[in-house]
Amino acid sequence: MSQLAVTVIGPDRPGIIADVTEALAGTGVNLEDSTMTLLRGHFAMMIVCSGPFEEVKQAVEPLRGELVITVRKVGPEHEHAPIGPSYLLSVHGADRPGIVAAVTRMIATAGGTITDLTTRLSGELYVLTAEVELPLTAELEMLTRALEITADELGVGVTLRSAESDEL
């Protein structure tokens, strides 16, 4: 058994998730981590699973054509050790190039890591939401001020607030 990453991209239609997951289940694969979403009418899926590489590739082959599917081996799982408390970051305002780059650079400069990020464009309104982990040593007031300055330069609003933990 290999650790596998399976990606699927294509025009949305009913049944894509069922088709892909049935093909994978037929090889005995158990989905370990996944994310699935619609992006401007296109379906996108990423799955991490353990399974027989060649069998998985063959199982999804009939779905290729309308869908772009990749199956690749990935190294052993790397446990993500949280670097510090979680925060929710939101940005909203008029759409323009560079919003994601500028805001994520501020998080990186503070030593933070982004564990989830989503953007949406609705008309001319651009919305970014992200889950961010910041080290305990992060200067939260300085980061908040840097985000506000960056947001002003971009003509958008920004908020950073503490998130509730989701321990199971």
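A brief report on the enclosed structure follows. (Residues numbered from 1 in each chain as written. Predicted model: local features only at pLDDT ≥ 70, side-chain atom pairs only at ≥ 80, totals over all residues. Heavy atoms only, no water.)

Notes on the sheet that holds strand 8 (residues 156-162)
Then step 1. Spatial strand order, 6-7-5-8: four strands in an open sheet with antiparallel pairing. Each of the sheet's edge strands pairs with one partner strand only, and the pair in question is strand 6 (113-122) and strand 8. Along the sheet, successive strands turn relative to each other by an average axial angle of 10°, direction set aside.
Then step 2. With seven bridges joining them, strand 5 (residues 86-94) and strand 8 adopt antiparallel strand pairing. Residue pairing for strand 8: His92 is matched across the bridge by Gly157.
Then step 3. Lying over the sheet, helix 4 (residues 140-154) contacts strand 5 and strand 8, oriented at roughly 160° with respect to strand 8. (Pairing = 2+ DSSP bridges. Helix = DSSP H or I, 4+ residues; strand = E, 2+ residues; numbered from the N terminus. Axes fitted to C-alpha atoms, helices over the stretch in contact; angles between N-to-C directions. Contact = heavy atoms within 4.5 Å.)

A look at the pairing of strand 5
Then step 1. Inspection of the sheet shows strand 5 paired to strand 7 (residues 125-133) by nine bridges, in the antiparallel sense. The residue of strand 7 that forms the bridge with His92 is Val127.

A word on the nonpolar core
Then step 1. With 19 residues, the main nonpolar core has Val6, Val8, Val20, Ile69 and Val71 as its most contacted residues.
Then step 2. Residue assignment for this core shows that the elements contributing at least two residues are strand 1 (2-11), helix 1 (16-25), strand 3 (42-51), helix 2 (53-60) and strand 4 (68-73).
Then step 3. Sequence-distant contacts of Val71, defined by excluding residues within four places in its chain, comprise Leu4, Ala5, Val6, Phe53, Val56, Lys57 and Val60.
Then step 4. By size, the runner-up hydrophobic cluster in this structure holds 18 residues, among which are Tyr87, Val91, Ile107 and Leu160. (Core = buried A, V, L, I, M, F, W, Y, C linked by side-chain atoms within 4.5 Å. Buried < 20%, exposed > 50% of the residue type's maximum accessible area, 1.4 Å probe, protein only.)

Describing helix 2
Then step 1. Burial in helix 2 covers these residues: Phe53, Val56 and Val60. Projected down its long axis, helix 2 shows its buried positions confined to an angular sector of 65°, all on one face.
Then step 2. In this structure, the buried side of helix 2 is in contact with strand 1, helix 1, strand 3 and strand 4. (Arc of directions from axis to C-beta.)

Thoughts on the sheet that holds strand 2 (residues 30-39)
Then step 1. Strands sit in the order 2-3-1-4 across an open sheet of four strands; the sheet is antiparallel. The sheet is open, and its two edges are formed by strand 2 and strand 4, each paired on a single side. Between one strand axis and the next, the sheet turns by 10° as a mean value, whatever way the strands run.
Then step 2. Sheet topology places strand 1 next to strand 3; ten bridges connect them, and they run antiparallel. Along strand 3, the bridge assignment pairs Thr7 with Met46.

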